[in-house]
Amino acid sequence: MSGQRPLDILGRSVDKNVLVTLKGGKGIRGRLVGFDQHMNLVLADAEEIGENDEPCKSLGSVIVRGDNVIIISPPPT
Amino acid sequence: MSGQRPLDILGRSVDKNVLVTLKGGKGIRGRLVGFDQHMNLVLADAEEIGENDEPCKSLGSVIVRGDNVIIISPPPT
Amino acid sequence: MSGQRPLDILGRSVDKNVLVTLKGGKGIRGRLVGFDQHMNLVLADAEEIGENDEPCKSLGSVIVRGDNVIIISPPPT
Amino acid sequence: MSGQRPLDILGRSVDKNVLVTLKGGKGIRGRLVGFDQHMNLVLADAEEIGENDEPCKSLGSVIVRGDNVIIISPPPT
Amino acid sequence: MSGQRPLDILGRSVDKNVLVTLKGGKGIRGRLVGFDQHMNLVLADAEEIGENDEPCKSLGSVIVRGDNVIIISPPPT
Amino acid sequence: MSGQRPLDILGRSVDKNVLVTLKGGKGIRGRLVGFDQHMNLVLADAEEIGENDEPCKSLGSVIVRGDNVIIISPPPT
Amino acid sequence: MSGQRPLDILGRSVDKNVLVTLKGGKGIRGRLVGFDQHMNLVLADAEEIGENDEPCKSLGSVIVRGDNVIIISPPPT
């Protein structure tokens, strides 16, 4: 038994806002437009997130290469 | 003989609390919702764990990319 | 459901200007000429981007090996 | 001729105590419950080992992701 | 649509001078003799390039292992 | 022509003493018991080697995960 | 067109002296005895090369794991 598959869970976040933590410590928040099996991600209306969890730079649409991803999560509510 | 397979053991932890140690030293505790063969993980009610093994930040639901994982363990009892 | 595939999205940026953030912090801006499934990229009229997001060095045509890529995005407008 | 295969040798250590040295310098000692072809390991009654080769923290049961492993050895006798 | 494939573009640089930027910051300039799908490269009359983009050491013929490559470009004209 | 294959050469060192240099600088000397195609190694009567090429710690039997290996050589005679 | 394949070029260096630059900066000079498709190398009469490009340590025969290789070249003449 392996429970719910991570990529299936990720699929449910499409069109929703997610917070992505990258290797090196950078955080990016944006609307998840799509992804593939490598966890390559497409985010729309993306913002770089600073130390204090506040947006510090507007990025627009971005493609994130999956091997940089540590954690993907919905933003804190 | 290879004993019990790690992913089979991990399967028994689904729906239970686990502590995940990531490369770079970060720890995350949460309920294991699911995983795949890369050790990509889905955790619910996740919390970042600080130096003193105490929760220091609520993360909600998170998807952890498997290549960041060092150790997965049930939390100390 | 995985939404729109990252490489399909990338395909729509061919012949357009993109900003590529590389591991180690370097940024390169240029016109996307082509790419492959590893995110190896070909950029024309490429410029290295400095700390202040301003061009600091002309690179001409470049082939970027995909495993160095963190983020690909259209340049800020 | 390749002698005895490492994973066959590892199989003989199942149910025995092993010392695992991880990238970054951490050491873990525990009873080897099982493993797979990636050297993902399951250890029971695991303890983190400090600089002086003495146990410094009880970990209980742990799954170690194989790509962090440098050396696996029976503990010094 | 993925535009022109990076390795096809690289093929057009065979027998021409290229500048290769390697991980760790080293640069090598030389005539591209050949390459393979890993971006392993063969350069003839190669020179190591110093901080000021000037040749600082003659290397002769070199084989560069592809996983060290960041960027390949024709030299500035 | 690729000359003698590295793993064939390694096969001739089975049952002989080898010196293994690992990423991070650590050296291990021991009798090569076996290996596989990833250069995972089994060493018996292994010793950690210090800066001065002298044994500094007895390790007994060890399994070394191949991706940590830089160089394998017979010990200096 | 991909020109001459790197591994074919390497094959012509068998039985000749080569200089190998490794990740981390170490250099090794020796006679190339053989190699495989991962660029695992066997060198005979190998010497470690110091900062000044002079031999600083005799290594004898060595097997170099390919993923450590940056550059292979014939020694300067």
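The model shown is predicted, which means the values in this text are computed figures rather than measured ones.

Next up on the list: the overall build of chain A. Counting its regular elements, chain A contains one helix and five strands. Shown N-terminal to C-terminal, the secondary structure of chain A runs as helices and strands in the order α-β-β-β-β-β. If one aligns the C-alpha atoms of chain A with their principal axes, the spans along those axes are about 40 × 25 × 20 Å. Burial status across chain A gives 55% buried among its 77 residues. Long-range pairs, those at least 24 residues apart, make up 38% of the contacts in chain A with a sequence separation of at least 6. Computing the positive centroid from 9 side-chain charges and the negative centroid from 10, chain A places the two 5 Å apart.

Once that is clear, we can look at the interface of chain D and chain F. Each side of the interface is counted separately: chain D has 21 residues, and chain F has 22 residues. Surface buried jointly by chain D and chain F totals about 1700 Å² across both partners, of which 59% is contributed by carbon and sulfur atoms. A salt bridge links K23 of chain D to D67 of chain F; the nearest nitrogen and oxygen atoms lie 2.8 Å apart. On the surface where chain D and chain F come into contact, there are nine residue pairs in polar contact (both at pLDDT 80 or more). Going through the elements one at a time, helix 1 (6–11) and strand 5 (69–73) of chain D are the ones with two or more residues in the side of chain D that touches chain F. If you tally residues by element for the side of chain D that touches chain F, the top one is strand 5 of chain D, at five residues. Looking at the side of chain D that touches chain F residue by residue, the classes come out as 10 nonpolar, seven polar and four charged. One ladder, built from two bridges, connects strand 5 of chain D with strand 4 (residues 55–64) of chain F; its direction is antiparallel. Following the sheet pairing, I72 of chain D is matched in strand 4 of chain F by I63 of chain F.

A full pass over the atoms with the stated rule returns 22 salt bridges over all chains. The partner of R31 of chain E in a salt bridge is D45 of chain E, and the shortest N-O contact between them spans 3.7 Å. Of this pair, R31 of chain E sits in strand 2 (residues 27–35) while D45 of chain E sits in strand 3 (residues 41–49), placing them 14 residues apart in sequence. In this structure D45 of chain E comes out as exposed when scored by relative accessible area, which is 56%. Because the salt bridges share partners, they merge into one network encompassing K23 of chain A together with R65 and D67 of chain B.

The next subject is the interface of chain A and chain B. Taken residue by residue, the interface counts 21 residues in chain A and 22 residues in chain B. Across the chain A/chain B interface, buried area totals approximately 1700 Å², and carbon plus sulfur atoms make up 59% of it. At the junction of chain A and chain B, the tally comes to two salt bridges. Along the contact surface separating chain A from chain B lie 10 residue pairs in polar contact (both at pLDDT 80 or more).

On to the arrangement of the chains. When C-alpha atoms are compared, chain B and chain E, though not in contact, are closest at a spacing of 19 Å. Nowhere do chain C and chain G come into contact; their C-alpha atoms are at least 15 Å apart.

What follows is about the relation of the copies chain D and chain F. For the pair chain D and chain F, the relating rotation is 51°, the translation along its axis is 0.0 Å, and the fit reaches an RMSD of 0.0 Å. Different-surface contact between copies: only 5% of interface residues of chain D are shared with the interface of chain F.

A few words on the relation of the copies chain A and chain B. The operation relating the pair of chain copies consists of a rotation about an axis and a translation along that axis. Mapping chain A onto chain B calls for a rotation angle of 51° and an axial translation of 0.0 Å; the resulting RMSD is 0.0 Å. Here only 5% of the contact residues of chain A are again contact residues in chain B; the copies associate through non-equivalent surfaces.

A word on the side chain of T21 of chain D. Along the polypeptide, T21 of chain D turns up in strand 1 (residues 17–22). Beyond its immediate sequence surroundings of up to four residues, T21 of chain D is in contact with K26, N68, V69, I70 and I71 of chain D together with K26 of chain F.

What counts, and where the lines are drawn
- Residues numbered from 1 in each chain as written.
- Chains lettered and ligands numbered in written order.
- Predicted model: local features only at pLDDT ≥ 70, side-chain atom pairs only at ≥ 80, totals over all residues.
- Heavy atoms only, no water.
- Helix = DSSP H or I, 4+ residues; strand = E, 2+ residues; numbered from the N terminus.
- Buried < 20%, exposed > 50% of the residue type's maximum accessible area, 1.4 Å probe, protein only.
- Contact = heavy atoms within 4.5 Å.
- Lys, Arg positive; Asp, Glu negative; His and termini not counted.
- Charge placed at Lys NZ, Arg CZ, Asp CG, Glu CD.
- Buried area = accessible area lost by both parts, 1.4 Å probe.
- Salt bridge = Lys/Arg side-chain N within 4 Å of Asp/Glu carboxyl O.
- Polar contact = N/O pair within 3.5 Å; in protein donor to acceptor, adjacent residues only side chain to side chain.
- Nonpolar A, V, L, I, M, F, W, Y, C, P; charged D, E, K, R; others polar.
- Pairing = 2+ DSSP bridges.
- Least-squares fit on C-alpha atoms with pLDDT ≥ 70 in both.

Read these as spatial facts, not as claims about activity.
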